[in-house]
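Coordinate analysis (summary)
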Amino acid sequence: MKEFPKREEVLKLFLKYNESEALYKHALQVEAVMRHFAEVFNENPDEWGVVGLIHDLDYEKYPDRHCEMTEKILREEDYPEEFIRAVLSHGYKIVTDIEPLSNMEKVLYTIDELTGLINATCLMRPSRSVLDLSVKSLNKKFKDKRFAAGVDREIILDGMERLGWDRQYLFEETIKGMQKYAEEIGLKGNL
């Protein structure tokens, strides 16, 4: 089996198709959380990280063909099948029928939307930082359907169930993953 690609290669490919600063930050945030959860599962953080980094590869240029174009591009670039499948599984029930089965896939599926909610929550805080974000504050925003209305909370709940986790654990660990890389992912704020 072909090895997982290196971060430099994945980042170069991502930047070839994306110019949006917001999308780039989202990719870095998902990468950070994927790396964190890889450590939780005693898996390879580099492999999990690159899957998170490139998951929205086609979103800026081909929003109505999301995941479809990613698959095409990754196949043309000769990425390994396991990598492609993991990336595509994040679109389950939205744009793909590839059900997240491995821990890597389940985590990506679950935290993609959650990192968006955390990002929006942080930007509304006086500190504009993830470093002082509590699970309690995140829970309030999660329950307020008008806040970050584009975040599909049902996907987060479905993913949580697939992983067998409760909301407290998921939120706590996702926040921790983002805190580890707060500066790199643009959420250090003014702390």
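Quick note: structure is the one above.
Everything in this summary refers to the structure shown in the same document. All values derive from a computational prediction rather than experimental measurement.

Attention now goes to the pattern of salt bridges. Opposite charge on two side chains permits them to pair, given that their charged atoms come into close proximity. Counting across every chain of the model gives 14 salt bridges. Across the salt bridge formed by R35 and D46, the nearest N and O atoms sit 2.9 Å from each other. Of this pair, R35 sits in helix α2 (residues 21-40) while D46 sits in helix α3 (residues 45-54), placing them 11 residues apart in sequence. The partner of D158 in a salt bridge is R162, with the nearest N and O atoms 3.0 Å apart. With a gap of 4 residues between them, D158 and R162 both fall in helix α8 (residues 153-163), about one helical turn apart. On the basis of relative accessible area, D158 is assigned to the buried category, the value being 16%.

With that out of the way, let us pick up the layout of surface pockets. Approximately 580 Å³ is the volume found for the largest pocket. Lining the largest pocket are 25 residues, with H26, D56, Y59, D112 and E113 sitting closest to its centre. Taken together, the elements giving at least two residues each to the lining of the largest pocket come down to α2 and α6 (103-124). Looking at side-chain class alone, the lining of the largest pocket contains 11 nonpolar, 9 polar and 5 charged residues. Quantified by volume, the second largest pocket comes out at close to 280 Å³. Around the second largest pocket, the lining is made up of 16 residues, and of these R7, E31, R35, D46 and V50 lie nearest the centre. Take the lining of the second largest pocket: its biggest share by element is 4 residues, from α2. When its residues are assigned to classes, the lining of the second largest pocket shows 7 nonpolar, 1 polar and 8 charged.

What counts and how
- Residues numbered from 1 in each chain as written.
- Predicted model: local features only at pLDDT ≥ 70, side-chain atom pairs only at ≥ 80, totals over all residues.
- Heavy atoms only, no water.
- Salt bridge = Lys/Arg side-chain N within 4 Å of Asp/Glu carboxyl O.
- Helix = DSSP H or I, 4+ residues; strand = E, 2+ residues; numbered from the N terminus.
- Buried < 20%, exposed > 50% of the residue type's maximum accessible area, 1.4 Å probe, protein only.
- 1 Å grid on protein atoms, 1.4 Å probe; cavity = no way out; pocket = protein on both sides within 12 Å on 5 of 7 lines; lining within 4 Å.
- Points joined across faces, edges and corners; volume = space filled by probe spheres on them.
- Nonpolar A, V, L, I, M, F, W, Y, C, P; charged D, E, K, R; others polar.

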